Amino acid sequence: MTTENILSIFKEIMKVPRESGHEEQIIAWLQKRAAAHNLECKTDQAGNVLIIREASKGCENSPTIILQSHSDMVCEKNAGVEHDFSKDPIVAVEENGWLIAKETTLGADCGIGMAAQLAVLEDDTLQHGRIEALFTTSEETGLTGAKSLEKDFISGKILINLDSEDEGELFIGCAGGVDTTAVFKYGTVEATKEYVKVLFRVYGAEGGHSGDDIDKNRANAVKILARLLYQIMDKCSIELYEIDGGNKKNAIAREAYAAIGFDRKDMGRVMKVYRENVAATKAEFALSDKNVEISAERIGIEDVDSGKMLYEPVKAIDGNTAALLVYALNAAPHGVLAMSNQIKGLVETSTNLASVKMMPGKKIAVGTSQRSSLASSCNYAAQQVEACFALAGATVRHLNEYPGWQPKMDSHVVDVTRKAYKKLFGKEPVVRAIHAGLECGLFLDKYPDLDMISFGPTLRKVHAPGERLELASLDKFRMLLEQVITDLK
């Protein structure tokens, strides 16, 4: 097994559509690849795929090793980019030692794990016990595949999860989580023709993973927009015509916009608030998210060049709902709620204000997600979010709850992996828990005897355009995976 082989397989995976909930093509691709290499393959009703390679000669008494990754990816792209994730391959370039998708997500989360599994399965020289390569579905949107896994689908007692993003770190625990969605119902009124109409946009934010990156003070475009609207509403009456921001619940919102109208006499006040928000945002994120921008553009007027109207709003959201929505978005918590007292530097509890979307049927949906190492704290964080939006008149639901993974301090696979890392690289790896959600907690519910660890190469900007894979770390990841598989006896 070579690093070049893993990378080559990953580039093949990049050509296959695999958005969460639409994994049909990647499932078929895995089945076809297994057949081409004469490997046993089975697929359950949830679309989870298990490909099996029997033990190498002389290793029949070695333990069965489960290698696990998820087959779906977060599909995000920059505004204005023409990319259809249902058919277009991911485009990436190699720059300064990184493989980068500049305008979309790369899908190295968890496509690089998939590639490593396949490289192991297809290597005739590697000495190992029985390998069960498990590819689960819809991890990014609720860990659906792991939740649906049948109790007799896998047989091994050792599981190596390949869904981590920091080379040199071994993960032995993760946070649990839940998604919370608030839905506002609204009426409409006629837009006031005489009003000045402006489109405010927040863009250029780095975004990122709502677990791994929540403590990095990344700009949340929805929160920035909500603050701007709230402060404008404090100065004058407005009409809200349209609002949109963010996308996936497990990604920090990078972009948001709102179209509003107001009396011409209030133009000076509105623009003063706008300029103050631009300055404040630039100052607050000067170090952590320096490219975030806020723009203001007149709409409802004739374009000088084309002679066409620039988006003439006809209807406005009723004033009461608009005000309650803006108040709730401004008040809703976002970010780190508590740090762990047991593990230094570990986020214990957080919440992500992920998105606001106008939906058919005159509804506005606000998506959020909560995470915690403690089930009680996760529940309370979700209740805080629920209370905020319920007070504003929204209907609130909690979905996709999943358990955390509590560290096992006497783990055999952790001990083997730690020693293998020290032997290969001459230093101790970092052994810790992670604030992101992994499927390991769900596996333990159905297979309580599993001994598990998670590790991977270094990824950055996961769940956001510009996602990148460090190629040097891929080589070390490959070496460690080979060594661990060889050493597990």
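What you are looking at is a predicted structure, and each value in this text was computed from that prediction instead of being measured.

### Side note on the environment of Asp449
- Structurally, Asp449 is set in the loop between helix H10 (440-446) and strand S21 (451-454).
- Sequence-wise, Asp449 and Lys422 are 27 residues apart; in three dimensions their C-alpha atoms are separated by 27 Å.

### Concerning the pattern of salt bridges
- Across all of its chains, the model carries 31 salt bridges by this definition.
- Ionic pairing is found between Arg227 and Glu284, a salt bridge with its closest N-O pair at 3.0 Å. Here the residue Arg227 occupies a position in helix H5 (residues 221-235), and Glu284 occupies one in helix H6 (residues 267-284), the gap between them amounting to 57 residues.
- One salt-bridge network, in which partners are shared between bridges, spans Glu206, Asp213, Asp215, Lys216 and Arg218.

### Some details on the environment of Ile66
- Inspection of the secondary structure assignment puts Ile66 in strand S3 (residues 65-70).
- Sequence-wise, Ile66 and Glu293 are 227 residues apart; in three dimensions their C-alpha atoms are separated by 45 Å.
- If we ignore the near neighbours within four places in the chain, the residues touching Ile66 are Glu132, Leu134, Ile154, Gly156, Ile158, Leu159, Ile160 and Leu450.

### Details of the sheet that holds strand S23 (residues 468-470)
- Strands sit in the order S4-S5-S23-S22 across an open sheet of four strands; the sheet is antiparallel. Pairing within the sheet leaves two strands with one partner each, and these edge strands are strand S4 (93-95) and strand S22 (459-460).
- Where S22 meets S23, two bridges bridge the pair, whose relative direction is antiparallel. Bridge assignment links Leu459 to a residue of S23, and that residue is Leu469.
- Here helix H1 (residues 3-13) sits on the sheet and contacts S4, strand S5 (98-100) and S23; the angle it forms with S5, its principal contact strand, is near 5 degrees.
- Lying on the sheet, helix H11 (residues 471-487) is in contact with S4, S5 and S23; it crosses S23 at an angle near 60 degrees.

The rules behind each value
Residues numbered from 1 in each chain as written. Predicted model: local features only at pLDDT ≥ 70, side-chain atom pairs only at ≥ 80, totals over all residues. Heavy atoms only, no water. Helix = DSSP H or I, 4+ residues; strand = E, 2+ residues; numbered from the N terminus. Salt bridge = Lys/Arg side-chain N within 4 Å of Asp/Glu carboxyl O. Contact = heavy atoms within 4.5 Å. Pairing = 2+ DSSP bridges. Axes fitted to C-alpha atoms, helices over the stretch in contact; angles between N-to-C directions.

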